[in-house]
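What the coordinates show
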Amino acid sequence: KYNSLNIYRILISGKDPVQEVCELACIIKKALTEEKRVSTKTSAADLVTETDHLVEDLIISELRKKFPSHRFIAEESTAAGEKCVLTDSPTWIIDPIDGTCNFVHRFPTVAVSIGFAVNKELEFGVIYHCTEERLYTGRRGQGAFCNKQRLRVSKETDLSKALVLTEIGPKRDPDTLKLFFSNMEKLLHAKAHGVRVIGSSTLALCHLASGAADAYYQFGLHCWDLAAATVIIREAGGIVIDTSGEEMAMLIAQAIQTINYGRDDEK
Ligand SMILES: O=P([O-])([O-])O[C@@H]1[C@@H](O)[C@H](O)[C@@H](O)[C@H](O)[C@@H]1O
Ligand SMILES: [Mg+2]
Ligand SMILES: [Mg+2]
């Protein structure tokens, strides 16, 4: 049975996390190859399936049993109209399947992402790569790991030697697409070694934390995409900022133009 308490206890107690979340990931891995009921949310490219709802309900019901006073911010509950407001209360921030479009196409780059904040401070994050059985964890002040392997971000600060990750996002109107591609073009003109889109922001951010890429930028990321990954990147020695940031982030921020998606807590 999916046992969220162990994740909380293990990460809070500082013990190495075991792969408790793999049972949950097994639901996703099994469903990856099966027929799915797919619907759309904010655009034809913003997909959701019954497995997204099932996994989110499982996580929340387990956590609510153990922590009845805690609050939840979760992707599909928010899409169903729940307010997305972070308070000082202990709050779980959940993306049940990150990479749903990949999941629908059986493209094996899908993750479960669970972040945890208290007093609006991110305390820990867990991201599980469902098809490669990689458990990424980060706990504030205690480091970031992938299956017990310590994570460290790349030290590259030269954009012309950087591999940059981004995501397309759900907005596909002509003006947004024009901006998206012109941003990518600007980075390639700045001689970046490459720009990659893998369809899962949380796993892209985990690649960043492991030093397998040098920078990530995206407009339209949600708090549930970012919560767990932010702890993991910070604990791997990286920074997570908006585009008014530092060094490599500055170089990229100066090169690209903003695509406006609004904030989750303003909808
Ligand atoms: O919806 P989902 O699969 O959880 O999350 C996805 C993000 O990981 C990706 O970065 C973004 O480009 C997609 O539009 C979608 O939001
Ligand atoms: Mg999702
Ligand atoms: Mg997501």
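Residues numbered from 1 in each chain as written. Chains lettered and ligands numbered in written order. Predicted model: local features only at pLDDT ≥ 70, side-chain atom pairs only at ≥ 80, totals over all residues. Heavy atoms only, no water.

1. Topic: the domain arrangement of the protein chain
Put simply, an interface is often sized by how much accessible area is lost when its parts join up. Along its sequence, the protein chain is organised into domain 1 (4-150) and domain 2 (159-256). Computed over C-alpha atoms, the centres of domain 1 and domain 2 are 21 Å apart. Opposite the 40 residues of domain 1 that make contact, domain 2 presents 22 residues. Carbon and sulfur atoms make up 70% of the area that domain 1 and domain 2 hide from each other, which totals about 2,100 Å². Taken as a group, Leu122, Ile127 and Tyr136 account for 24% of the area that domain 1 buries against domain 2, more than any other trio of residues on that side. Here domain 1 is connected to domain 2 by 0 salt bridges. Run the count over domain 1 and domain 2 and you get 9 residue pairs in polar contact (both at pLDDT 80 or more). Looking at the side of domain 1 that touches domain 2 element by element, the count peaks at 7 residues for strand β6 (residues 121-129). In terms of residue class, the side of domain 1 that touches domain 2 is built from 16 nonpolar, 15 polar and 9 charged. (Domains from an automatic or database assignment. Contact = heavy atoms within 4.5 Å. Buried area = accessible area lost by both parts, 1.4 Å probe. Salt bridge = Lys/Arg side-chain N within 4 Å of Asp/Glu carboxyl O. Polar contact = N/O pair within 3.5 Å; in protein donor to acceptor, adjacent residues only side chain to side chain. Helix = DSSP H or I, 4+ residues; strand = E, 2+ residues; numbered from the N terminus. Nonpolar A, V, L, I, M, F, W, Y, C, P; charged D, E, K, R; others polar.)

2. Overview of the coordination of the magnesium ion (ligand 2)
Those donors, Glu75 (OE), Asp95 (OD) and Ile97 (O), are the protein atoms that reach the magnesium ion (ligand 2), and they lie 2.0 to 2.2 Å from it. In primary sequence terms, the donor set of the magnesium ion (ligand 2) follows E-x19-D-x1-I. Here the magnesium ion (ligand 2) and the magnesium ion (ligand 3) are spaced 3.6 Å apart, and both take Asp95 as a donor. Of the two residues, Glu75 is situated in helix α4 (residues 75-79) and Ile97 in strand β4 (residues 91-98); the sequence distance between them amounts to 22 residues. Ile97 shares its class with Glu75; the two are buried. (Donors = N, O, S within 2.8 Å, 3.2 Å for Na, K, Ca; no water. Buried < 20%, exposed > 50% of the residue type's maximum accessible area, 1.4 Å probe, protein only.)

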